[in-house]
Amino acid sequence: MRSAKVLRVSVTDRCDLRCVYCMPEAGVPLVPMAEMLTYEEIAAVARAAMAAGVRRFRLTGGEPLARRGLAALVRLLAGLGPDDLALTTNGMRLAEAAAGLKAAGLGRVTVSLDTLRPDRFEKIARRKGIERIFAGIAAARAAGLAPVKINTVVIRGLNDDEVPDFVRFARAERVEVRFIELMPTSGLGPECKELGGWRPALVVKGAEVRARVEDAFGPLAPVPDAGGVASVFRLDDGTRLGFIAPLSEPFCRGCGRLRLGPDGRLRVCLFDRAGTDLRRALREGTGGPAALEGLIRSALASKATWERGALEALTSEMFRIGG
Ligand code: SAM
Ligand code: SF4
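Bear in mind that the values here come from a model prediction, so they are computed numbers and not experimental data. (Residues numbered from 1 in each chain as written. Chains lettered and ligands numbered in written order. Predicted model: local features only at pLDDT ≥ 70, side-chain atom pairs only at ≥ 80, totals over all residues. Heavy atoms only, no water.)

J.: Let's hear about the overall build of the chain: which residues, and what values?
T.: Secondary structure assignment for the chain yields ten helices and twelve strands. In terms of C-alpha radius of gyration, the chain reaches 19 Å, essentially the compact-globule figure of 20 Å for 323 residues. On the principal axes, the C-alpha backbone points of the chain span a range of 60 × 40 × 40 Å. Counting across all 323 residues of the chain, residues that qualify as buried make up 53%. Taking as baseline every contact in the chain between residues at least 6 positions apart, the subset at least 24 positions apart corresponds to 72%. Surface summary for the chain: the accessible area is close to 13700 Å², and the carbon and sulfur share equals 54%. Charged side chains in the chain number 49 positive and 38 negative. The centres of these two groups are separated by 3 Å. (Helix = DSSP H or I, 4+ residues; strand = E, 2+ residues; numbered from the N terminus. Rg over C-alpha atoms; globule rule 2.2 N^0.38 Å. Buried < 20%, exposed > 50% of the residue type's maximum accessible area, 1.4 Å probe, protein only. Contact = heavy atoms within 4.5 Å. Areas by Shrake-Rupley, 256 points an atom, 1.4 Å probe, with all protein chains shown as cover. Lys, Arg positive; Asp, Glu negative; His and termini not counted. Charge placed at Lys NZ, Arg CZ, Asp CG, Glu CD.)

J.: Describe in detail the environment of A299, supporting the description with residues and values.
T.: As for its placement among the helices and strands, A299 is situated in helix α9 (residues 289–302). For A299, a relative accessible area of 6% gives the class buried. Taking C-alpha positions, A299 is 8.6 Å from G275, a pair spaced 24 residues apart along the chain. Ignoring any residue separated from it by four or fewer positions in sequence, one finds A299 in contact with L258, L266 and V268.

J.: Would you mind going over the site of ligand 1 in detail, with residue names and values included?
T.: Of all residues adjacent to ligand 1, which total 19 residues, the nearest are Y21, G62, S112, M183 and T185. Take T89: an N or O atom from its main chain is 3.3 Å from an oxygen atom of ligand 1. Burial of ligand 1 by the surrounding chains reaches 94%, relative to a free accessible area of 550 Å². Sorting the residues of the shell around ligand 1 by element identifies β3 (84–89) and β5 (148–154) as the ones contributing at least two each. The class makeup of the residues in the shell around ligand 1 is six nonpolar, eleven polar and two charged. (Near = heavy atom within 4 Å. Polar contact = N/O pair within 3.5 Å; in protein donor to acceptor, adjacent residues only side chain to side chain. Nonpolar A, V, L, I, M, F, W, Y, C, P; charged D, E, K, R; others polar.)

J.: Outline the site of ligand 2, listing residues and values.
T.: Taken together, the residues surrounding ligand 2 are C15, L17, C19, C22, M23, G62 and N90. Grouping the amino acids of the shell around ligand 2 by side-chain chemistry returns five nonpolar, two polar and no charged.

J.: With reference to specific residues and values, describe the side chain of D13.
T.: Among the secondary structure elements, D13 is positioned in the loop between β1 (6–10) and α1 (39–51). Classification of D13 by relative accessible area gives buried; the value is 0%. In this structure the side chain of D13 is engaged in a polar contact, spanning 2.8 Å, whose partner is the side chain of R14. A distance of 2.9 Å separates the side chain of D13 from the backbone nitrogen of V31, its partner in a polar contact.

J.: Could you give an account of the pairing of strand β4 (residues 108–112), naming the residues involved and the relevant values?
T.: For a regular strand, side-chain orientation follows a simple rule: the groups alternate between the two sheet faces. Counting buried positions along β4 yields four of five residues, so the element is predominantly enclosed. Summarising the sheet, β3 and β4 pair through four bridges and their orientation is parallel. Within β4, the position partnered with T88 by the bridge is T110. Once the chain exits β3 it traverses helix α3 (residues 94–104) before rejoining the sheet at β4, and the crossover so formed is right-handed. As paired elements, β4 and β5 share four bridges and run parallel to each other. By the bridge assignment for β5, V111 is matched with I150. (Pairing = 2+ DSSP bridges. Right-handed = clockwise from strand over helix to strand, strands pointing away.)

In structure tokens:
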């Protein structure tokens, strides 16, 4: 069954971290500010998406909290009355932002965190500040942004020894940790001195992570109909763990996701390199509500026959598309 239709909105390609697999250390060519959709333009697309059947929104980036006044966008989107309004963030600015985001109508938050160790964090994110992320998680919980989920990309030889620590963290902090398979994105080139170029040996398959968890903590019971792209399981104490395996267990068949880039490009898939230019429609006066709705409906319809193609076709600019 095709899952609920979701619009993922990448509000910026700017980021205050440089995670080794995602952003090259030297940074990336950025979309000029004048070419980024305004919050009003994003809201116009979101309104049209709802008319086309989308009921859920997720804000992502780059780092969404690096864009000024994000709560204003949250307020606009919440005003449309979606079933779900979520944010994916690196958590660096979440402690200061959580209460305001909740007041603006944000429902829940997913925080990306690949290690629990300060020294290793500096190696993976190429910046200091893990304590700010822990503070952000606490602030999100205190603000009632529930459930708080954690995204952890598992990379062989870099952080895969921390799987048990993350399970204990999930238990202690009452958060759902979702272990994600590494994908070949633009951070993983020859200039990446920490990991080098992408290669299959870096990937720890979801099934392997699951087996390691069961070895250490006992059987995992599947949580049926958890929604979304993660396979979700429960330990006997109720701790929820998710496994997102885009490489070894692709979930294309059930995917109802559309992705709006900061430049207004609408993509039907991470493998969709072309997409549809909604900014042009919006700014050239051809993008009235009915026209936008039509473009979004045809994007959704094209998903039924979409073939994702070989791994090499992946849009490697995860920092722009938002994961
Ligand atoms: N900056 C925010 C953050 O880190 O949560 C939002 C954008 S980030 C691109 C969204 C998610 O994509 C993060 O959880 C990140 O770990 C994940 N991601 C980025 N590159 C990836 C890769 N090569 N393989 C798997 N996940 C990746
Ligand atoms: Fe920034 Fe998120 Fe990419 Fe890390 S994963 S560099 S926090 S966009």
